[in-house]
Each structure stands twice: as C-alpha cells, then as structure tokens.
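Chain and residue survey
The residues making up each chain are set out below.
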Amino acid sequence: MRLTLDIWRQKGPAAAGRFETYSVEANEHMSFLEMLDVLNQDLIAQGKEPVAFDSDCREGICGMCGFVVNGVPHGPSNHTTVCQTHMRHFRDGERLRLEPWRAAAFPVVKDLVVDRSSFDRIIQAGGFVSVRTGAAVDANAMLVEKSKADRAMTAAACIGCGACVAACPNAAAALFTGAKVMHLGLLPQGQPERIDRAMSMVAQYAEEGFGHCTTIGECEAVCPAHVPLEAIAFLNGDYLRATFRKREEVAAAGAG
Amino acid sequence: MSLDARIPSGPIDRKWSTFKKETKLVNPANKRKYTVIVVGTGLAGASCSASLGEMGYNVLSFCFQDTPRRAHSIAAQGGINAAKNYHNDGDSVHRLFYDTIKGGDFRAREANVYRLAEVSTNIIDQCTAQGVPFAREYGGTLANRSFGGAQVSRTFYARGQTGQQLLLGAYSALSRQIGAGTVKHRSRIEMLDLVVVDGRARGIVTRDLVSGKIESFLADAVVLATGGYGNVFYLSTNAKGSNATAIWRAHRRGAFMANPCYTQIHPTCIPKSGDYQSKLTLMSESLRNDGRIWVPKKKGDKRPPDQIPEDERDYYLERIYPSYGNLAPRDVSSRQAKYRCDEGLGVGPSGLGVYLDFTQAMQRLGQKVIAERYGNLFDMYAKITGEDPYQVPMRIYPAAHYAMGGLWVDYHLMSNLPGLFVLGEANFSDHGANRLGASALMQGLADGYFVAPYTIGDYLASPGRTPVDAGHAAVKEAEGAARAHTEKLLAVGGKRSVDSFHRELGSVMWEEVGMARSAESLGRALKRIPEIRQEFWKDVRILGSGAELNGELEKAGRVADFLEFGELLAWDALQRNESCGGHFRVEYATPEGEAARNDAEYAHVAAWEWKGEGQRQALHKEPLAFETVHLATRSYK
Amino acid sequence: MSVASKTIAAPAPGRITLFWASSIGKKALMALTGIVLFLYVLGHLLGNLQLYLGPDSTGAQAIDRYARFLHESKGLLWTARTVIGLSFLVHAVAGIQLHLAKAAARPVPYHQKESVNSTVASRTMIWTGVLILGFVVYHLLHLTVGSAHPDFREGQVFHNVTVGLARGGAALAYVVAMVALGFHLRHGLYSLFQSLGAGNPAITRNVYVVAAWVGTAIALANLSFPLAALVGFGRG
Ligand SMILES: Cc1cc2nc3c(=O)[nH]c(=O)nc-3n(C[C@H](O)[C@H](O)[C@H](O)COP(=O)(O)OP(=O)(O)OC[C@H]3O[C@@H](n4cnc5c(N)ncnc54)[C@H](O)[C@@H]3O)c2cc1C
Ligand code: HEM
Ligand code: HEM
Ligand code: SF4
Ligand code: F3S
Ligand code: FES
C-alpha cells in the first residue's frame, strides 16, 4: 500500500516548524512505527535527514511513543498506542497528517518528539507513598478488598504517554494526574498522605501550565491504558476535600 | 589477576547476615559528602538511587529515555518470584534457592543466589507498601500464580503488567527523592565511557541526547544498572533502545565480562511477520499456566487448528516432560519448539511457529476468568496479529529475550574495578546459564533495594580514594575519547543505514550463535562479525550533526559496540565446550537432545579481560563450588 | 533535559485564594453556582407556565397575580435577586477566565484535530454561556425594566409576554437563547457531578442521560412561550 504523509518537521525547540510531504510504500502487517522506519530508511538513502520520533518498547507499555495522526492522538484505533497501531487500519492511497503533541507543558524537542518532563515533576510533587526501604510491614498485614485493588490497578495502568493532554481541547492533564491520585487514594497504603498528595500535585499541575478540565471526555477516548474518566472526579473530590481539610488545619494552627 | 568473589565465610544461610554484621557503616553526617553515580532507572537503578538518596548520599541518576519511568523493566509482564509461601504449598527460601540454582543449570554462584532468595520476601513487602497494586484474592490477601521451572505458586503479579507496576513503584520512590533533592536526575543522557582513576571507577562521560553536549560527572562510586544486551540479536523482545554500550565501555576500561554466551531465548513470542520487523513481542510465560502447546502430528498439515482432531495433535511438552509439561523451563521449551519446526511440523505462514491453545482452559474456567488473568496479553496479541486468541489458538515462536551474562561482579556486586558496581540484568550474577521466569524482576529489586545500598556503603567507608577533579588527565582522556568516537562515526559518511548493519549482525547472531550452536556455526560467526564491523566503519551513513537530537547517531554508537560485543559472545560460546541452560552446543547433547553439561571442565564462570583493539580477550576462571546443592543433571521429566 | 529543572511548587498557604486560583476550585464554584442558576431557571419556568392557566374567576390573569405576589414580598424578591445575580457573576467570570486560560495551555494550535467522542454541547459551553448572558441582559430590559418593550405595562406580565414575544425579532432572540440554554444544561448538569468529585461510573452514566433529557425539556418548554405568542396566543 502507498501512503502520502504530511509530517511536522521542526529542527529544535526554538526553530519554526512546517509540514513536509512524503510518500512511502507500506504493507498491512507493519506497525505504524515500522512504516516510519521504512520511510526513514528511504530518506537516509536519499541523503535526507530522517524524521525524529520517540519510541522504545514498541509494545504499548513504556509510553514513549506518541504523536497525532489525522487529528487523533496515537491514531485511529482508539485505546492503542501508535507503536501498537498496525497498518491494516489504513487504506491504500490514504493521506496522513502527523503532528506532535501540542501543549505549553509539552514543548517540541524536534519533529514529532516532545518534552514530557512536566509529568515527572507532577509525580515528584506527591505521586508516591513515603516508605523507607526496609521499613515495610508484611505484605499481607494490610488486607485490601479485591474490588478496590482492581480499581487501583486500573488507574495505575497509566503509561504516562501524554495522549490525554494532546487530545484535550483544554490541554488538561487531569486524566494523568487523576490516575495517580486514584491509584494511591484507593489503597490503604495511600491514605496517610492522601490530602497533601492532591494539594501538591495540583499545585505543580498549575505550575506546569496544563489546562483545566471541563469534562469533555476526549482523553478517556484515546487513553491507551483505558484509564477511566472517574479518575478525574476522584482527583477533584480529593482536592476539594483537601482545601476544606487544610483550611481547618490552618485555622486550628491559629494562622486562620 | 585472580578473581576474589569476597563471599563471607560460614554456612550459606548465615553469609548475608554475617556480611551485614561486619559491614563498615558510613557516619550519617558524612553521607552527604559522598557522591554516587547511578546509570539506569530500571528496577535495579531506580530502587538503588532511591534507597541511596534516602540514606543521605548525594546521588546522580541518568537514563537515556525521556523519563526514568520508561526503563525497559516496564515491559515485564508475568510476575515476580518471592519465597513467601503464602500458598502454603511447601515453598521456602531454600526451595527458591534450589530451583534457581537448578534452573540455572548449575552455573550460578550459590552464595549470591541464596541471598537473592533470602531478600525476595522483603521485596514484596516493600513494593506493597509503596502501593504496587498486586493481584489479590477475595479475602484481601495477595494472589500468586505458578511459573516455568517451579512446582510451587510463588509468583506475584499485577495483571499482565507486573514489571510496569514494580517499576512505577521504584520510580515513585525515586521521584520522591528527586523532589526532596537528594537525587539529581537527568533524562535523555547516554553514558559513553567510564572514568577510571588509579584503577578505581570514579565517574562517567555522557552525551546529552538533545543538545549533543559531551560532559563528564565524577563520583566516589559508579553504579551501572543498564540492562541486558539481548539486542545484539537485532530482533529481540527488548526495547529498541536497550544496549550494551555502558557495560561494553566499562569492559574496555578493564571490567571483566562474564559468560556473555549465556543468552536466553524465550519460548513464547509472536512469530516474525516480515523483514521490516523492528522487534519481537513476548507473550508472557504465565500463559503457559493455562495454555497448552502443540503442533500437528502430520507434516505440513495446513488445516485450521480447530479442524485438527485431538489425536492428530502432539502436545509435545506434556509428552516429553510429564511432570512439568507446559511449564518446562525456557531453554528446554524453546529448543523443543525449534526441533518441531526443523522437523517441518511448524504452523503459520512461515512454518516457524507452534500453537498455544486456550480452548480447553476456556471450557474449564470460562472466558471471563481467562480474560481476567491474561486480558491485556490477549489484546496485545490481537492488535499485532489481527487474530482473536479467544477464537483461534495463538501462534508462538522463540525469540532472544534475556542476558544471563554481563559484567563480572563479586558478592558485593562490585566488578573487578573497585568502585564499579553492576546491578540487575547488566551483571552476570544470579541466573547461571538460564534464568527462571519471574526471577529477573526479583533480582533487579533485590540488588537495588536490599544489597547494593549496604555493599556500596561498605566500599565508601573504606579508605583509598584520592580526590579527583574535572581537570584530571584521566577525565580529559575519557572525554576526548568519547568526543573522538562520536566524530569518527559522523565522519564515515558512507552509504548504508545503521539499521542495515544491525540487521545483518542480528541475523548472523541468530543463525549461528542462537538456539543451537556448533563449532562450525561459531567459526562462521567469528569470521563474519569482524567483516561486518569493517564494512560498518567504511560505509555507515549518519546524517545530521552531533549537536542535536540525532537518533541515527545514538543507534550507530550502540551498534558499533554490539559489533564488538557480538564477537566476544561467539568466542565465549566457542570456548565453552559443553551445553548448559541457554548455551546449547549441538556437539554436546544427550541422546534425547537435552543439554549435556561437562562439570569436570566447565563448572566455572568465564570472565573475559579486554586486551586492547584487535586482541582476543584474556580468560579468567572463577571456579563454582556447589556445597549446598549437589551437582545433578537437570530433569523436568 | 533536567527533570528537576523547574521547581516543585509547594502548596500556597492561603487555601481560599488557592481555591479560586486553582482550576479545580473554580470548576467547583461553577458547579455550585450552576446549580443555583439551574434551580432558578426551573422555578422561573414553572412560574411562567402559569401563562397557560389564562384568566381566573375574577378575570385577572393567574400569572399576573403570581407576579404581583412576588413583587409584594420585597424581602424574598431581593434576596433572590442578590443570590441569582451573584451566582451569575461568579459563574460567568469563572467561565470566561477558564476559557481565556485555555489559549495559554496550547499556544500552538493543531492544524488538524478530530473529536473522537465528545458532545458538541461540551465543546461549546463558553459560547452557549455567553449567549445566555447576552440574552439575560436583553431579557431584563425587555420584560423586567421594559425599556426594550414596545408596549410595556408594569405588572401586566401576561400582556407583556404575549405582546412582547409576538414580534419576530424578539421571538428569534428568545428561540436562539433557549436552544443555547438547552445545550448548556445538557453538558453542564452532567459535568457538575464530576467537578464536585462524584465519579462513580454507575451514577455518572445515568446522569449523562438524564442531563440530556432535562436540558431538552427545559429548552422546549421555554421555547413554547415565544412560539405560542407568535401564533397569536392570548391576543383575542
Ligand atoms: C518483554 C519482557 C518481559 C519480561 N518479563 C519478565 C517477567 O515477567 N519477570 C521477570 O522477572 N523478568 C522479566 N523480564 C526481564 C526483566 O524485565 C529485566 O531483566 C529487568 O527488568 C532488567 O531491569 P534492569 O533494571 O536491570 O534494566 P532495565 O530495566 O533495562 O533498565 C536499564 C536502564 O539503563 C538505562 N541505560 C541503558 N544504557 C544506558 C546508557 N548507555 N546510558 C544511560 N542510561 C542507560 C536505561 O535508560 C534504563 O533506565 C522481561 C523482559 C522483557 C524484555
Ligand atoms: C441560566 C444560566 C446558566 C446555567 C443554569 C448554567 C449552568 C452551568 C452548569 C451546571 C455548568 C457545569 C459546571 C461544572 O461542570 O462544574 C456550567 C458550566 C459552564 N458555564 Fe454555565 N450556566 C449558566 C450561565 C452561564 C453563563 C452566563 C456563562 C458565561 C458567559 C456560563 C459559562 C459556563 C462555562 C464556560 C461552563 C464550562 C465549565 C464546564 O464545562 O464545566 N454559563 N454552566
Ligand atoms: C421564553 C422564556 C422566558 C420567559 C417567557 C420569561 C419571562 C419573564 C418575565 C415575564 C419576567 C418578568 C417577571 C416580573 O417582572 O414579574 C422575567 C424576569 C426574569 N427572567 Fe425570564 N423568562 C424566560 C426565560 C428566562 C431565562 C432562560 C432566564 C435565565 C437564564 C430568565 C431570567 C430572568 C430574570 C433574571 C428575570 C428578572 C427577575 C426579577 O424580577 O428579578 N428568564 N422573565
Ligand atoms: S492517562 Fe492515559 S493518555 Fe494520559 S498519560 Fe496516562 S496512559 Fe497516556
Ligand atoms: S478531554 Fe479534557 S476536558 Fe477533561 S475530560 Fe478529558 S481532560
Ligand atoms: S514505544 Fe513503548 S508505548 Fe509505544
């Protein structure tokens, strides 16, 4: 199958970008990234610089790959990373537009590669349980209701790819942040820091310049890890509880 | 020089406590004064950085991905072993130790393996406390599954994403320390060389993959947790970026490379579909719990699987290994699959595949249970092949997967270069000639959380290091070498792409140094690899500059090192005139085609010393003493 | 590419300022004020439906009596007016601020962006909102103050409405606004649950459906007034 690709080329963060058009011969068994590998091999043969795109595991689990194909993050097969999207989902002669994630918090590094370290800083702000190495009690000392453990796992499945931000008309990272807050918030181990977690993660969220959530739901529709919208409600709930809880604490501390 | 593994004296079950009793401690006030470099943020690296940072050391952490959370550990699916005996099926530290030694075909160091089994239980406690959402029973306790090479259920799991959840646990611990400022982390940084001063590892030279800046970092100790070298086969289950550069560069600086020929071929991967293929996808071994492996009894039987009656199917693993059946260890299962396909019984378009069938399991347990256990694996299979495994049996074939070999380390996980510690898949330590399923995650976290933090402290507390600054000759030399290497690559300006060379090397490694090796095949490889290397340096084409994000340049550096490493791998395989675990020499097989070990001559670790460009490495042997487990022929019948 | 290049923001002490400053806090305020406004619209609609009761035994229009009753109880009237007015203010300001923030979060827009699964209503909240705002201003001048009314008679609501809405222009304004209101409620009534932290899928799935019905129902009922007036209802 022959495809025409309009790909965003941008030398570096400061440089101006533009679309360039290429044509590539693919077959339906290839993954989308293998199709780009083929394109890059052609480009190298022609002495043209290959297209820069991120990928590592190519199994849909590391979250490194990701760009927008024809206006949809990770491409047409929903809930699937672009590395797991196979060419059988496209028609011969189709024209595809490839764009990087676009968000203030995800500056473009080169071509289709963006900098997602803002996600790391949101986790650094509170996406953890503070337990010293070796200070843990026996794993079975704390029982966890199976249904809760399962829901926690569903939220924890987030691969940190950033598609939710890319898909959201407001460039909100609510689903990503909510996923972590929900994962830890459902488990007994996550309770002691639950309130502070919501507070500091949301504070960092704002610092990074992500947009707000207005429940549009595009994020959930593209999320390769099937993180449910519920995670955002969970985040909002914890955050609101936190603001009131904290207010009392401040008052109690006499700092009204 | 002689290799001293520094194994504490005393009975095997006391060695680790003896070590901890006698280990030197660093005065808390002084910890801040010590800097430790940790290269890698996989299970081993992240857990080590987090623990050291928490202890108060000054940690510098690096990874080549865009964030620590993407280390290849994330891809581990099946689970992690621990001798918790929560299933009350007679598991114990000793049994896990025994299974690992036996699974490794008696080529691992007893003391290390025993310690691994000992700390395995703490790992589960630690991860659970971090909020790792392990699978649970309805009673709220942790669930277990059984895994290849074991007769007890000791494998803990989180759906089919155990590695992801464990890594995210370690990543969150690391993130906590980064937020607290005890760990300074840099992403998109690649280690290009090791700085050695007065015979001690004192720092690394790195390239910033975005700016291209080459700089060096100095420390009191350097930890390499850079993963395995499976990509020397080009097509493997490893991530595209997984590489041998860090350990190879350390090797060239004097660190011994141990047992490079011990590579694991995983039996259950999705067969290759074309030459554009960029990697192979693993289907977790845990599938073998409920799936039955078979091929048609008739050669070239092209009927769809569901139309092949029971009595015309050969469930060969169950037939040959009644007691372990489909759970026979990896090397054994892979080889049997290869034999079937060589006999022309293989299925699928390429004829390189066998069936992994869930029909009976689904009749027995219902589709819902199967979906709960393996849902995401089934989805992955469907996405890749376009076939629905709930309807038609999966087709699987072996693929390069894991590196048992790696840099040589002693009981302290320190290489022969003082101050250089090697953790996780990058070292050779615990799996002998074959790794059992669910044991690598265990080893990575054991090394990073519970072993290295102690042994590194012991090293830092010992005297003998002189102050080093960026101006030191050794630092300048290493930096210069890295810069020169990069410029040399860019200067070749040939015609062929980096990938074409990697593919070529990969096919040689797979054909000649893969599942079944022989003196001839190895001879051919040893002739071909240097030729490919020469062509590479004459004809590789890398566009773009070194002062920007340049994927081709990154790949080129890694392939250049694989082209040197692959030769040592083949050489080691040729020198080991026996078959053991993942290393199978056709000349040394039992009548039934099983690996025939030669304990009299080869019950040792082969540690190779770099002797310079164009020279063969020198061999150093570390004899392996089996005092607790008695040498026996592995039998899974 | 240092991960720690930006500082990790420590949560500011002033929790209430933070509440307004943070998008989540703002959204919660929008939800609360949204509820108030929704209840008002509902009550107002029920009140207005009395138009159809026509004249009672005394010959007076039921709706006029109702209006008189409202206006006589000044306390009630003004408390209601303040609450509603404030809600409008907070809700609208928050909505507009959030909308403006949106551009900052994505300075470089996509050249092509498809919606995979989201309602038009959800993507047009700001516009339907602004329409409603504009409508309300006009609506006050039209039926409360009367300055925008051809023949305004203090207290004679029945007359004011039936005459006022019989004009093509005015009727059109009402029709457009009521459609906008329908859309706004369709998403708003659903979204507010998530904003307030009620995420249980079992509930939200139903809320999603109910919100659609309520939104449509209110829009249609309100639409009936201009339409009725157009076809000459209430004018002999
Ligand atoms: C598909 C798959 C499934 C698996 N499933 C299981 C399983 O079910 N159970 C099990 O026990 N094991 C499993 N394994 C094996 C296990 O996942 C790995 O052995 C283990 O995770 C290795 O961890 P590590 O920390 O040693 O290295 P990795 O996780 O590979 O981390 C390597 C780190 O080093 C960094 N790095 C590498 N080179 C450089 C360089 N030159 N410069 C800078 N940084 C560098 C990388 O950025 C990365 O952070 C699986 C492996 C694969 C491939
Ligand atoms: C009768 C009048 C109105 C009612 C009943 C109403 C109701 C609501 C409700 C219930 C929400 C959902 C809030 C949330 O999700 O937390 C909402 C959201 C919104 N409203 Fe209104 N609103 C009205 C008027 C306005 C006005 C005048 C504006 C501004 C010009 C406005 C702008 C918005 C915006 C931008 C949102 C989007 C926030 C979101 O989608 O959640 N609304 N409205
Ligand atoms: C077609 C639909 C509508 C009709 C026929 C209608 C009719 C009226 C009438 C007759 C009055 C004057 C009442 C009096 O002075 O006693 C009034 C007042 C008012 N209406 Fe409406 N209305 C409609 C829709 C709306 C909507 C959708 C809103 C809000 C978004 C709204 C907001 C108001 C307000 C705020 C007042 C002023 C109340 C006061 O006196 O304080 N109306 N309406
Ligand atoms: S929530 Fe989903 S889309 Fe967003 S980062 Fe995580 S996995 Fe990607
Ligand atoms: S798409 Fe955006 S608005 Fe909210 S629900 Fe998802 S983050
Ligand atoms: S490359 Fe890992 S998720 Fe796509």
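Residues numbered from 1 in each chain as written. Chains lettered and ligands numbered in written order. Predicted model: local features only at pLDDT ≥ 70, side-chain atom pairs only at ≥ 80, totals over all residues. Heavy atoms only, no water.

Regarding the sheet that holds strand β14 (residues 354-357) of chain B
Residues and elements named next belong to chain B. As summarised here, the arrangement of the five strands in space is β11-β15-β14-β12-β13, forming an open sheet in which the pairing is antiparallel. The sheet is open, and its two edges are formed by β11 (263-269) and β13 (313-314), each paired on a single side. Of the strand pairs in this sheet, strand β12 (residues 292-296) and β13 are connected by two bridges, and their pairing is antiparallel. Bridging from a neighbouring strand, Pro296 pairs with Arg313 of β13. The sheet strands contacting helix α9 (residues 330-342) are β11, β12, β13, β14 and β15 (394-403), and the helix crosses β11 at an angle near 65°. (Pairing = 2+ DSSP bridges. Helix = DSSP H or I, 4+ residues; strand = E, 2+ residues; numbered from the N terminus. Contact = heavy atoms within 4.5 Å. Axes fitted to C-alpha atoms, helices over the stretch in contact; angles between N-to-C directions.)

Things to note about the coordination of the iron atom of ligand 3
Residues and elements named next belong to chain C. The protein atoms donating to the iron atom of ligand 3 are His44 (NE2) and His139 (NE2), with metal-donor distances spanning 1.9 to 2.1 Å. Considering all six donor atoms around the iron atom of ligand 3, angles at the metal cover 83 to 179° and the coordination shape is octahedral. In this pair, His44 is assigned in helix α2 (residues 23-49) and His139 in helix α6 (residues 125-145), connecting sequence segments 95 residues apart. The class of His44 is partly exposed, set by a relative accessible area of 30%. (Donors = N, O, S within 2.8 Å, 3.2 Å for Na, K, Ca; no water. Tetrahedral: all angles 85-135°; square planar, octahedral: opposite > 155°, others 65-115°. Buried < 20%, exposed > 50% of the residue type's maximum accessible area, 1.4 Å probe, protein only.)

Observations concerning the coordination of the iron atom of ligand 2
All names here are of chain C. Bound to the iron atom of ligand 2 on the protein side are His91 (NE2) and His184 (NE2), at distances that span 2.0 Å. Geometry at the iron atom of ligand 2 is octahedral, judged from the six donor atoms that bind it and their angles of 85 to 179° at the metal. Here His91 is found in helix α4 (residues 74-105), whereas its partner His184 is found in helix α8 (residues 168-195), with 93 residues between them in sequence. Here the two residues His91 and His184 agree in accessibility, since each one is buried.

What to know about the side chain of Thr177 of chain A
With respect to the secondary-structure elements, Thr177 of chain A resides in helix α5 (residues 174-186). What Thr177 of chain A contacts, discounting residues up to four positions off in sequence, is Ile122, Met201, Tyr205 and Leu235 of chain A.

What about the nonpolar core?
Ranked by size, the top nonpolar core spans 273 residues in total, and within it Ile80 and Leu420 of chain B carry the most contacts. With 12 residues, helix α12 (residues 440-461) of chain B is the single largest residue contributor to this core. Not counting residues up to four positions away in its chain, the partners in contact with Leu420 of chain B are Leu194, Ala201, Val222, Leu224, Ala250, Ala255, Leu407, Leu413, Met414 and Ser415 of chain B. Core analysis: the next-biggest nonpolar cluster, separate from the first, contains 29 residues, Phe32, Met35, Phe53 and Leu96 of chain A among them. (Core = buried A, V, L, I, M, F, W, Y, C linked by side-chain atoms within 4.5 Å.)

So, the site of ligand 3
Residue and element names in this part refer to chain C. The full set close to ligand 3 counts 21 residues, and Tyr40, His44, His71, Arg81 and His139 are the nearest of them. Within the side chain of His44, a nitrogen or oxygen atom sits 2.7 Å from a nitrogen atom of ligand 3. A distance of 2.7 Å separates an oxygen atom of ligand 3 from a polar atom in the side chain of His71. Elements supplying a minimum of two residues to the shell around ligand 3: α2, α3 (62-72), α6, α7 (157-164), α8 and α9 (201-230). (Near = heavy atom within 4 Å. Polar contact = N/O pair within 3.5 Å; in protein donor to acceptor, adjacent residues only side chain to side chain.)

Points about the pairing of strand β1 (residues 2-9) of chain A
Residues and elements named next belong to chain A. In terms of burial, β1 is a largely internal element, six of the eight residues being buried. As judged from the eight bridges shared by β1 and strand β2 (residues 18-25), these two strands associate in the antiparallel manner. Directly across from Leu5, in β2, lies its bridge partner Tyr22. The pairing of β1 with strand β5 (residues 95-99) spans four bridges and is parallel. Opposite Ile7, over in β5, you have Leu98 as the bridge partner.

Here's the deal with the site of ligand 5
In the vicinity of ligand 5, the contacting residues are Cys168, Asn170, Ala172, Cys213, Thr214, Thr215, Ile216, Gly217, Glu218, Cys219, Leu229 and Ile232 of chain A. Residues that form the shell around ligand 5 fall into these classes: seven nonpolar, four polar and one charged. (Nonpolar A, V, L, I, M, F, W, Y, C, P; charged D, E, K, R; others polar.)

Here's the deal with the packing of aromatic side chains
If you walk through the whole model with that rule in mind, you get 37 aromatic pairs over all chains. The interplanar angle of 75° and the centroid separation of 5.2 Å between the aromatic rings of Phe106 of chain A and Phe119 of chain A together place this pair among those described as edge-to-face. Separated by 13 residues along the polypeptide, Phe106 of chain A in the loop between β5 and β6 (108-110) and Phe119 of chain A in helix α2 (residues 117-124) bring together distant segments of the chain. Judged on exposure class, the residue Phe106 of chain A and its partner Phe119 of chain A are both buried. Here Phe106 of chain B and Phe626 of chain B contribute two aromatic rings whose centre-to-centre distance is 5.8 Å and whose plane-to-plane angle is 75°, an arrangement assigned as edge-to-face. Remark: Phe626 of chain B occurs in the segment after β19 (618-623) and Phe106 of chain B occurs in the loop between α4 (93-103) and α5 (110-129); sequence separation between them is 520 residues. Using a relative accessible area of 2% as the deciding quantity, one classes Phe106 of chain B as buried. On the accessibility criterion, Phe626 of chain B (12% relative accessible area) is buried. Put simply, the rings of Phe106, Phe119, Phe176, Tyr205 and Phe210 of chain A pair up and form one aromatic cluster. Above the ring of Trp16 of chain B, the side-chain terminus of Arg115 of chain B is found at 4.9 Å from the ring centroid. The cationic tip of Arg340 of chain B hangs over the ring face of Tyr316 of chain B; the distance from NZ or CZ to the ring centre is 5.0 Å. (Phe/Tyr/Trp six-rings, centres within 6.5 Å; stacked < 30°, edge-to-face > 60°. Lys NZ or Arg CZ within 6 Å of the ring centre and 35° of its normal.)

Some words on the pattern of salt bridges
Residue and element names in this part refer to chain B. Taken as a whole and assessed by the stated rule, the structure comprises 79 salt bridges over all chains. The shortest N-O distance in the salt bridge between Arg253 and Glu477 comes to 2.9 Å. Residue Arg253 is located in the loop between α7 (245-252) and β10 (257-258), and its partner Glu477 is located in helix α13 (residues 473-492); the two are separated by 224 residues in the primary sequence. Judged by relative accessible area, Arg253 falls into the partly exposed class, the value being 26%. The class of Glu477 is partly exposed, set by a relative accessible area of 43%. (Salt bridge = Lys/Arg side-chain N within 4 Å of Asp/Glu carboxyl O.)

Some details on α3 of chain C
Within the span of α3 of chain C, buried status applies to Ala62, Ile63, Asp64 and Ala67 of chain C. For α3 of chain C, the secondary structure elements touched by its buried residues are α2 and α7 of chain C.

Some details on the interface of chain B and chain A
One widely used convention gives an interface's size as the accessible area the parts lose upon coming together. Listed as interface residues are 74 residues of chain B and, on the opposing side, 72 residues of chain A. Carbon and sulfur atoms supply 52% of the area that chain B and chain A bury against each other, a total of about 6,000 Å² over both sides. When residues of chain B are sorted by the area they lose upon contact with chain A, Arg70, Tyr276 and Lys383 of chain B head the list and together hold 12% of the total. Residues Asp138 of chain A and Lys84 of chain B are paired through a salt bridge, measuring 3.0 Å at the closest nitrogen-oxygen approach. Between chain B and chain A we count 44 residue pairs in polar contact (both at pLDDT 80 or more) in total. (Buried area = accessible area lost by both parts, 1.4 Å probe.)

Observations regarding the environment of Ala461 of chain B
Residues and elements named next belong to chain B. Mapped onto the elements of the fold, Ala461 is located in helix α12. The partly exposed category is assigned to Ala461, whose relative accessible area is 27%. As for Ala461 and Trp537, which are separated by 76 residues in sequence, their C-alpha atoms are 45 Å apart. With sequence-adjacent residues up to four places away left out, Ala461 is seen in contact with Lys24, Leu25 and Val26.

Quick word on α7 of chain B
Residue and element names in this part refer to chain B. Summarising burial for α7: seven of the eight residues are buried, a large majority. Buried within α7 we find Thr245, Ala246, Ile247, Trp248, Arg249, Ala250 and His251. Phi turns positive one or two residues past the end of α7, at Gly254, with a value near 120°.

Here we look at the sheet that holds strand β18 (residues 604-609) of chain B
Residues and elements named next belong to chain B. Judged by pairing direction, the sheet is antiparallel, and its four strands sit side by side in the order β16-β10-β18-β19 without closing on themselves. Edge positions in the sheet fall to β16 (406-407) and β19, since each of these pairs with one other strand and no more. In the sheet, β10 pairs with β16 via two bridges, with the strands oriented antiparallel. Bridge pairing links Ala258 to Gly406 in β16. In the packing of helix α16 (residues 551-575) onto the sheet, the strands contacted are β10 and β18, and the crossing angle to β18 comes to about 145°.

Description of the packing of α3 of chain C against α4 of chain C
Residue and element names in this part refer to chain C. At a minimum axis distance of 5 Å, the contact between α3 and α4 shows a crossing angle of 85°. By the angle between their axes, α3 is roughly perpendicular relative to α4. On the side of α3, the interface is formed by Leu70, His71 and Glu72, while α4 contributes Lys74, Leu76, Leu77 and Arg81. Residue classes in the contact of α3 with α4 are distributed as three nonpolar, one polar and three charged. (Parallel < 35°, antiparallel > 145°, perpendicular 65-115°, else oblique.)

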